[in-house]
There are 2 protein chains.
Amino acid sequence: MVDPMNCLLISIGDEILNGQTLDTNTHFLAQSCREQGYQVRAKYSIADRKEEIVEALKLGVTIADVIVTTGGLGPTKDDITKKAIAAYLDVPLVFHQPTEDRIRQLFGPRRIPFTQEHHQQCYFPDEVELLENKLGTAPGMWWDLPSGKVLISLPGVPYEMKHLWNDQVLPRLLAKWPVAIRQFTLMTAGTGETVLSSLLSAWEDQLPSGCSIAYLPDLGRVRLRLTCIDPVLSDDRLHSLKQEMETLVQDYVYGYEGETLPEVLGRILLKQGKFIGLAESCTGGYMSHLMTSIAGSSAYYAGGVVSYSNAFKEDMLHVSPSTLRDHGAVSRETVLEMLEGILAKPLVNVGIAVSGIAGPDGGTPEKPVGTIWIAYGDQQTRRAEKILFTKSRLLNIEYAAYYSLNLMRKFLLGL
Amino acid sequence: MVDPMNCLLISIGDEILNGQTLDTNTHFLAQSCREQGYQVRAKYSIADRKEEIVEALKLGVTIADVIVTTGGLGPTKDDITKKAIAAYLDVPLVFHQPTEDRIRQLFGPRRIPFTQEHHQQCYFPDEVELLENKLGTAPGMWWDLPSGKVLISLPGVPYEMKHLWNDQVLPRLLAKWPVAIRQFTLMTAGTGETVLSSLLSAWEDQLPSGCSIAYLPDLGRVRLRLTCIDPVLSDDRLHSLKQEMETLVQDYVYGYEGETLPEVLGRILLKQGKFIGLAESCTGGYMSHLMTSIAGSSAYYAGGVVSYSNAFKEDMLHVSPSTLRDHGAVSRETVLEMLEGILAKPLVNVGIAVSGIAGPDGGTPEKPVGTIWIAYGDQQTRRAEKILFTKSRLLNIEYAAYYSLNLMRKFLLGL
């Protein structure tokens, strides 16, 4: 098995280091590399300082086949990246008339003056191969280094960088390093990384070399990703690996790469021609927000009641005062009556009711912060479940919401 | 003026390098450092590989006072930051019984088994100072190196990392490296960056050197930050600068550093002894979620109706079918009737009703996507306002929610 091409991504700009700009450029490049099966060895974000750029380039060629820099090409930054690359390559900056002509053509109709800064933009380190930037003034740059390695410099403006990467850089890289990778991602909910890894670890130890599992946890959900470097495996073998992985964790799988729980639940409701209604106390409208964040949700989401006060629970969901008095707002009895209340509303076929102590206050020894009661079901079948989560208010809200939506998913599928 | 403390941020994890996860951790840390006047020298993202972590640490201590790593502390196989740090420090991994006790306490009530993976989590590089993680199983780690530099290792789960940074790391850093700048932040809502800068620009030009204004826009809100390098200014001069800035933009100021609109609105409601009720259509529960995200909101938030379907608007808010038929669900008439409906609910003194076309579909020439009607008021006074925002569903939801809460804030204050 050949080692995949590996690259180093360097984003240049003080605005990244002082937290003013979130660096999405190297994230985009890392995603694109992964899709090609290229390996990103590391990502550096460094300041607009010549010496630091030179140092990073020196280090880069020792660990990667391809070095890609983004940023530091605009006229305001004094073209620091180009000066640093010229210094690293030990070549002079030379003037490039076609670039001045391009910029003048670009600006002429828009009456933008051609300034000294623009003149600066027409100087490039010698021996460069320029990559035409259809969306801006700064072209991309490509060097085939004597070592056989490649140095690429792209502007920091995200849409210019993406355009240059997709249209010019990637085709050249694929011609030089045609590598492939295959991946399969399961979306899971209802348990944590630890339980999943204990279910998979024995199987994981037997994976063929070139294949690996990654656990990507989010609150109440974990993405499981199987990666195999091509051409290690036959399609049949890969297919059976996918099935083995899914079987081992099937109790927790809700979907595949990129699918969210509200999307998946929405599709199931739509398929079954059912409308859902939500009765929320501690989740305070967050479940409804998750459901209605999906375009087209009006086809299966009827509406909800955020019954935060007991008065709302009684008036709008007809929870009986005696239930609230005898069992409290956070109890099996209350959430079941809340569920009954929402199921009685127009359109509603299935419902979820949640009441809990989100915190940070309001806990008791019997009902500590993080105690959450969930009822779900339809006219025929209703179930209630208690969970105990953390001490953090927002985490309890988010966790309870996703946990509840997953319970409804399983209920609708008869799991 | 002394040089500010400078630090190196290292995020560890294959999932960042293969583009599966956007690294927001080092962005958060960079922002926080900047607010303290600390300088971030560089950010590295590296793989879950022991040798590479060791190399990054060796390099790090040569360029920074403080090295902060995030990630690689979870129980799963690919997490090896602790082993790498032990190798770098040349100390053994030692078992820490209190951590096992903590994890067992945490899991006991939730019936999560204590696995071999959890046992692994109880080993730490010797001579470590553990920082208690209230939100997860992996504590933070702190080392005062002989060189006087500091090495800090935090988990990669964003909410755990933020909690440890804010509660444990930052206070210790501030004790060792006191803040080098002074800042004052105004929270504004109801207008954009352009209007604010036109109000401030003349004054801005006169600011003493060492002082500057930053505009930090968020959806429907802008943070205005005045930064002065210490000790350039006297306290009196800084105080008068703050007052001048606030006076110039007073129409849009809703609070100060860190205050959110739901918090401020909640305080006003509490002070006036009023309960709010919300009738949400296009915002789909998001406004209620914002209000109930604040601890103690049950003292002023009565509840809400997410009347997503016309059936819910009629049944629960008593909007008349003829209004919906003649004017449509997105109209002045409908939101005013929705408001009337929510004001009729128990406890409710003031209310907001929102109905709009969040998109991406459902727009018409007369009512394009982004058309949002808002009604707000109390039993005596009711107002309705139409706004037109973007084509993006989630942005419309968030913008409409904050815009509406700001209208209610001004209504309650008689502005």
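Treat the numbers as computed from the prediction; the structure is a model and nothing was measured.

**Regarding the packing of aromatic side chains**
At step 1: With the rule as written, the count across this model stands at 13 aromatic pairs over all chains.
At step 2: Judged by centre distance (5.1 Å) and plane angle (70°), the ring pair of Phe95 of chain A and Tyr123 of chain A falls under edge-to-face. Here Phe95 of chain A, found in strand β4 (residues 93–95), pairs with Tyr123 of chain A, found in strand β5 (residues 123–125); they are 28 residues apart in sequence, far enough to count as distant.
At step 3: Relative to Tyr399 of chain B, the ring of Phe389 of chain B lies with its centre 3.8 Å away and its plane at 10°, an arrangement referred to as stacked. You can see Phe389 of chain B sitting in the loop between β17 (382–388) and α15 (393–413) and its partner Tyr399 of chain B sitting in helix α15, a full 10 residues away along the chain.
At step 4: One aromatic cluster in this structure is built from Phe389, Tyr399 and Tyr403 of chain A.

**Things to note about the interface of chain A and chain B**
At step 1: Between chain A and chain B, the residue contacts involve 76 residues of the former and 70 residues of the latter.
At step 2: For the pairing of chain A and chain B, the buried interface totals around 5900 Å² over both sides, and the portion due to carbon and sulfur atoms is 61%.
At step 3: Taken together, chain A and chain B are joined by 2 salt bridges.
At step 4: When the shortest N-O distance is used, the salt bridge between Arg41 of chain A and Glu52 of chain B registers 2.5 Å.
At step 5: At the junction of chain A and chain B, the tally comes to 24 residue pairs in polar contact (both at pLDDT 80 or more).
At step 6: If one sorts the elements of the side of chain A that touches chain B by residue count, strand β2 (residues 39–46) of chain A sits on top with 8 residues.
At step 7: Partitioned by chemical class, the residues of the side of chain A that touches chain B number 34 nonpolar, 27 polar and 15 charged.

**As for the pattern of salt bridges**
At step 1: Inspection of the entire model under this criterion finds 27 salt bridges over all chains.
At step 2: Among the ionic pairs, Glu132 of chain A bridges to Arg102 of chain A, the shortest N-O distance being 4.0 Å. Here Glu132 of chain A is found in the loop between β6 (129–131) and β7 (140–144), whereas its partner Arg102 of chain A is found in helix α5 (residues 97–107), with 30 residues between them in sequence.
At step 3: Put simply, Arg41 of chain A together with Arg49 and Glu52 of chain B are held in one network by salt bridges that share partners.

**Some points on the side chain of Lys82 of chain A**
Residues and elements named next belong to chain A.
At step 1: Looking at the secondary structure, you find Lys82 in helix α4 (residues 80–89).
At step 2: At a separation of 3.1 Å, a polar atom in the side chain of Lys82 contacts the main-chain carbonyl oxygen of Gln121.
At step 3: Residue contacts for Lys82: discarding those within four places in its chain leaves Leu73, Leu93, Gln120, Gln121, Tyr123, Phe124, Pro125 and Met141.

**Considerations on the pairing of strand β1 (residues 6–12) of chain B**
Each regular strand carries side chains that alternate between the two faces of the sheet.
Residue and element names in this part refer to chain B.
At step 1: Of all 7 residues in β1, 7 are buried; the element is thus mostly enclosed.
At step 2: Across the two faces of β1 the burial is the same, with Asn6, Leu8, Ile10 and Ile12 and Cys7, Leu9 and Ser11 all buried.
At step 3: In this sheet, strand β2 (residues 39–46) lies alongside β1 in parallel orientation, the contact comprising 7 bridges. Bridge assignment links Leu9 to a residue of β2, and that residue is Lys43.

**With respect to the domain arrangement of chain A**
At step 1: As assigned here, chain A comprises domain 1 (6–176), domain 2 (181–256) and domain 3 (261–413).
At step 2: On a C-alpha basis, the centroid separation for the pair domain 1 of chain A and domain 2 of chain A is 36 Å.

**Remarks on a nonpolar patch on the surface**
All names here are of chain A.
At step 1: Taken together, Leu135, Val157 and Tyr159 make up a surface patch of nonpolar side chains, about 280 Å² in accessible area.
At step 2: If you trace the backbone, Val157 turns up in the loop between β8 (150–154) and α7 (158–176).
At step 3: Relative accessible area serves as the criterion here: at 34%, Val157 is assigned to the partly exposed category.

Conventions used here
- Sequence order as written defines the numbering, with residues in each chain counted from 1.
- All chains are assigned letters beginning at A, and all ligands numbers beginning at 1, according to the order in which they are written.
- In keeping with the model being predicted, local features are shown solely for residues with a pLDDT of at least 70 and side-chain atom pairs are shown and tallied solely at 80 or more, while totals for entire chains, interfaces and linings include all residues.
- Water and hydrogen atoms play no part in the side-chain values, which are based on all heavy atoms of the structure.
- A pair of Phe, Tyr and Trp rings is counted when the ring centres sit within 6.5 Å of each other, with Trp represented by its six-membered ring. The angle between the planes then sorts it: under 30 degrees is stacked, over 60 is edge-to-face, the rest tilted.
- Secondary structure counts use DSSP, requiring at least four H or I residues in a row for a helix and at least two E residues in a row for a strand, with both numbered from the N terminus.
- The contact definition used throughout considers only heavy atoms, calling two residues in contact when any of these lie within 4.5 Å.
- Here's the idea: put two parts together, see how much 1.4 Å probe accessible area each one loses, and the total over both is what we call buried area.
- Basic side-chain nitrogens of Lys or Arg form a salt bridge, by our definition, when they fall within 4 Å of a carboxyl oxygen of Asp or Glu.
- Any pair of nitrogen or oxygen atoms within 3.5 Å is treated as a polar contact; in protein, a donor-acceptor pairing is required on top of that, and neighbouring residues in sequence qualify only through side-chain atoms on both sides.
- In this classification, the charged set is Asp, Glu, Lys and Arg, the nonpolar set is Ala, Val, Leu, Ile, Met, Phe, Trp, Tyr, Cys and Pro, and all remaining amino acids, among them Gly, are polar.
- Buried, partly exposed and exposed residues are distinguished by accessible area as a fraction of the type maximum, computed with a 1.4 Å probe on protein chains only: under 20%, between the cut-offs, and over 50%, respectively.
- Two strands form a pair only when DSSP identifies at least two bridges running between them.
- The start and end points of each domain follow an automatic or database-based domain assignment.
- Each patch groups residues whose relative accessible area exceeds 30% and which form no salt bridge, using 9 Å between like charges and 5 Å between nonpolar side chains of Val, Leu, Ile, Met, Phe, Trp and Tyr.
- We get accessible surface area from the Shrake-Rupley algorithm with a probe of 1.4 Å; when it comes to residues, only the shown protein chains can shield them.

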